[in-house]
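Observations on the three-dimensional arrangement
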Amino acid sequence: MNLENQIDQFLGQIMQFAENKHEILLGECESQEKLTSTQEHILMLLSEEVSTNARISEQLKISPAAVTKALKKLQEQALIMASKTANDERVVFWSLTEKALPIAREHALHHKKTLSAYQKLADKFNKTEQKTISEFLNLLMEEFE
């Protein structure tokens, strides 16, 4: 199979794998909660800092409506709580509940394991090959912009 067809097939497989997900993580999530990867990623972000809908939307590069939907589900499961400041009642700040901390930690660990798997794959190539792969990926990303 020629390289352009391999790239096309690879991207198609990624699309199927990532359908309705915010991110691609290798392996299985160990959390027993029924959450989407986006919801888990929001928990991970909130474990680092209290945040607003707008900031989460910006960080994840997803629509504010998608963030609102995810936050609503997380709030229903008592994983996050809302608070407001006295100087601006319109702004809602989200933070984790104790129940969410293990899920947020597990999601962060899942990220580390995925990056470790990528590193192991990259280590199979010498520095020149890694540079070529990096250049290819950068050029491919530019095509999507």
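Residues numbered from 1 in each chain as written. Predicted model: local features only at pLDDT ≥ 70, side-chain atom pairs only at ≥ 80, totals over all residues. Heavy atoms only, no water.

When its secondary structure is counted, the chain shows six helices and two strands. Ordered by position from the N terminus, the helices and strands of the chain form the series α-α-α-α-β-β-α-α. On C-alpha atoms alone, the chain measures out to a radius of gyration of 19 Å, which is more than a quarter above the 15 Å that the 2.2 N^0.38 rule sets for 145 residues. In terms of overall dimensions, the chain has a C-alpha envelope of 60 × 30 × 25 Å along the principal axes. Looking at the 145 residues of the chain, the share that counts as buried comes to 27%. In the chain, 52% of the contacts between residues at least 6 apart in sequence involve partners at least 24 apart. Just so you have it, the chain exposes about 10500 Å², and 56% of that area is on carbon and sulfur atoms. (Helix = DSSP H or I, 4+ residues; strand = E, 2+ residues; numbered from the N terminus. Rg over C-alpha atoms; globule rule 2.2 N^0.38 Å. Buried < 20%, exposed > 50% of the residue type's maximum accessible area, 1.4 Å probe, protein only. Contact = heavy atoms within 4.5 Å. Areas by Shrake-Rupley, 256 points an atom, 1.4 Å probe, with all protein chains shown as cover.)

A grouping of Ile24, Leu115, Tyr118 and Leu121 is seen on the molecular surface, where their side chains present a nonpolar patch of about 370 Å² in accessible area. A relative accessible area of 31% means that Ile24 is categorised as partly exposed. (Patch = residues over 30% accessible without salt bridge, like charges linked within 9 Å, V, L, I, M, F, W, Y side chains within 5 Å. Salt bridge = Lys/Arg side-chain N within 4 Å of Asp/Glu carboxyl O.)

Looking now at the confidence of the model for the chain. On average, residues of the chain score 87 in pLDDT, and 90% of them reach the 70 mark or higher. Looking at the elements of the chain, mean pLDDT is at its lowest for helix H1 (residues 3-18), recorded as 79, and at its highest for helix H4 (residues 64-76), recorded as 94. (pLDDT = per-residue confidence, 0-100.)

With that settled, consider the packing of helix H2 (residues 37-48) against helix H3 (residues 53-60). H3 packs onto H2 with a crossing angle of 115 degrees between their chain directions and a minimal axis gap of 11 Å. As far as their axial angle goes, H3 and H2 are roughly perpendicular. The hand of the H2/H3 crossing is right-handed. Listed contacts from H3 to Thr38, His41, Ile42, Leu45 and Leu46 of H2 are Ile56, Gln59 and Leu60. Split by residue class, the contact of H2 with H3 holds five nonpolar, three polar and no charged. (Axes fitted to C-alpha atoms, helices over the stretch in contact; angles between N-to-C directions. Parallel < 35°, antiparallel > 145°, perpendicular 65-115°, else oblique. Left-handed = near helix turned anticlockwise from the far one by under 90°. Nonpolar A, V, L, I, M, F, W, Y, C, P; charged D, E, K, R; others polar.)

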